[in-house]
2 protein chains.
Amino acid sequence: MKHTTTYLYIPQDKIINGEVHFPEDESVHLSQVLRAKSGDEIIVVDGAGSAYRVEITRSKQKYSRGRIIEEINPSSEPKFNFSLALGTIRPRRMETAWDFCVQLGMNELIPIHTKYSTDRMKADGKYMDRLRAVSIRAMKQSKRAVLPGVRDPISISELLLAGSFEYIFYGDSEGLPGPPLKKPRLGERVLLVIGPEGGFSSEEIRELESQEAIPISLGPRRLRAETAAVTLSVIALKWTNDI
Amino acid sequence: MKHTTTYLYIPQDKIINGEVHFPEDESVHLSQVLRAKSGDEIIVVDGAGSAYRVEITRSKQKYSRGRIIEEINPSSEPKFNFSLALGTIRPRRMETAWDFCVQLGMNELIPIHTKYSTDRMKADGKYMDRLRAVSIRAMKQSKRAVLPGVRDPISISELLLAGSFEYIFYGDSEGLPGPPLKKPRLGERVLLVIGPEGGFSSEEIRELESQEAIPISLGPRRLRAETAAVTLSVIALKWTNDI
């Protein structure tokens, strides 16, 4: 290996004075999987928006190191800030949905417990770790330099109380054919809400409507929750010309 | 169980004079999973465009039977005929892509062997069976009544020689921001082409261009092949107002 298009994720606090200190997992990846040697070049992103060309100065399983050659432009981030609230579904399906949506440009996942959620995902433990691992993997895959966050699961009421979103879209078979003609202004936040397979309860729809959430139709075919999440993401990112 | 929104797939030749003869797999599903009893109602699709309300007259593991009560309108099919040609990738990822795309409304999957395909999927054996099983599962999930086909893998040259497509779009980072303003006429066929992760070779691009294929950008972030396939499907189905 001399150069690679593989992106590695090194948190900001491991980059000190132009020296990159690889955490053990990325160090293993670098030395064992990529078989990098001193002098090879890789790309590092810090999850906070920066990307660097890095020359490897030490490639060992336990501890590897590199030196920043120059800062580069990462893949551009969407101009708007998109959050995805997704009704909890089985872990593997949640991970698939989130993997696709991070690649597309979503900035935050908020799992929501709804009346018809089939899976009561817990805030603690492996489930959240796995979703956060998906964020990292998909960020690197898509050459993004910003690490999208994963919030602990909350209810729709909590979501709507906590959030300050200028636009809220939710997937609904009776919804409008598309987003409004008016585009958001820079800095405005957009929330996409997708229910579990059973859809939203009428109580939940009332809560969404009370926040002026806009129902968007995702077509006449019945989509699984993860397909609906990806579809609404593409529609929203097209709306802002971010795809 | 008295009624269900589960759709079962019974090929046309098993529906004779208003009697539905369940093949063994759907018979097991009906009797063991849904625990249907005589007198219960289910929905049956025949994969050729028809859907029926059916009353169960016999529910046994080996052989179940039902009687058509009435024909119903299935979820509407896209107005246009969409084929997806996807560079061969690992089986599970191919299946995920195809699952999403059938739900969205694609009519045909054509796996293509390209220069940079990482997986040389074989036309015979389990791989094709699994993709065809995905077609059935996703058709029932999305309440479609038309069973999308899966063709044997071919090269891009074979694809372009064989096909009669009025529109060909392919995913390309240097492509246009979207499909042309002109919409297809009813009955015209649209082919979407997505390469494997490594993209297309310059030779393959030339072949696509010689058929007036239109490159479409899927945004600045690097998408995995399955994410690209789903994204281009949403964009194309939006173009024809089929989503």
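Residues numbered from 1 in each chain as written. Chains lettered and ligands numbered in written order. Predicted model: local features only at pLDDT ≥ 70, side-chain atom pairs only at ≥ 80, totals over all residues.

Visitor: Explain the sheet that holds strand E6 (residues 65–72) of chain A residue by residue, including any values.
Guide: Residue and element names in this part refer to chain A. Spatial ordering of the open sheet is given by E1-E4-E5-E6-E3-E2, a layout of six strands whose pairing is mixed. In the strand order of this sheet, the two ends are held by strand E1 (7–9) and strand E2 (15–16), each with one partner. Inspection of the sheet shows strand E4 (residues 41–45) paired to strand E5 (residues 51–58) by five bridges, in the antiparallel sense. What sits directly across from Ile43, in E5, is Arg53. The sheet contacts of helix H3 (residues 126–141) involve E1 and E4, and relative to E1 the element is tilted by about 145°. (Pairing = 2+ DSSP bridges. Helix = DSSP H or I, 4+ residues; strand = E, 2+ residues; numbered from the N terminus. Contact = placed C-beta atoms within 7 Å. Axes fitted to C-alpha atoms, helices over the stretch in contact; angles between N-to-C directions.)

Visitor: So, the pairing of E4(A): which residues are in play, and what are the values?
Guide: The pairing of E1(A) with E4(A) spans three bridges and is parallel. Note on E4(A): the bridge partner recorded for A:Tyr7 is A:Ile43.

Visitor: Could you give an account of the sheet that holds strand E3 (residues 19–21) of chain B, naming the residues involved and the relevant values?
Guide: For sheets, the rule is that strands pair by backbone hydrogen bonds, running either parallel or antiparallel. Residue and element names in this part refer to chain B. Read across the sheet, six strands follow the order E1-E4-E5-E6-E3-E2 without closing on themselves; strand pairing throughout is mixed. The open sheet has two free edges, formed respectively by strand E1 (7–9) and strand E2 (15–16), since each of these has just one partner strand. In this fold helix H3 (residues 126–141) packs onto E1 and strand E4 (41–45), with an angle of close to 145° to the strand it touches most, E1.

Visitor: So what's going on with the relation of the copies chain B and chain A? Which residues, and what values?
Guide: After a rotation of 180° and a shift along the axis of 0.0 Å, chain B superposes on chain A with an RMSD of 0.0 Å. This pairing of chains is accounted for by a two-fold axis. Taken as a fraction of all interface residues of chain B, those also at the interface in chain A reach 100%, which identifies the copy contact as same-surface. (Least-squares fit on C-alpha atoms with pLDDT ≥ 70 in both.)

Visitor: Describe the interface of chain B and chain A, with residues and values.
Guide: In this assembly, 27 residues from chain B lie in contact with 27 residues from chain A. Secondary structure elements with two or more residues in the side of chain B that touches chain A: helix H2 (91–104) and helix H6 (225–239) of chain B. Ranked by residue count, the leading element in the side of chain B that touches chain A is H6(B), at seven residues. The class makeup of the residues in the side of chain B that touches chain A is ten nonpolar, ten polar and seven charged. (Nonpolar A, V, L, I, M, F, W, Y, C, P; charged D, E, K, R; others polar.)

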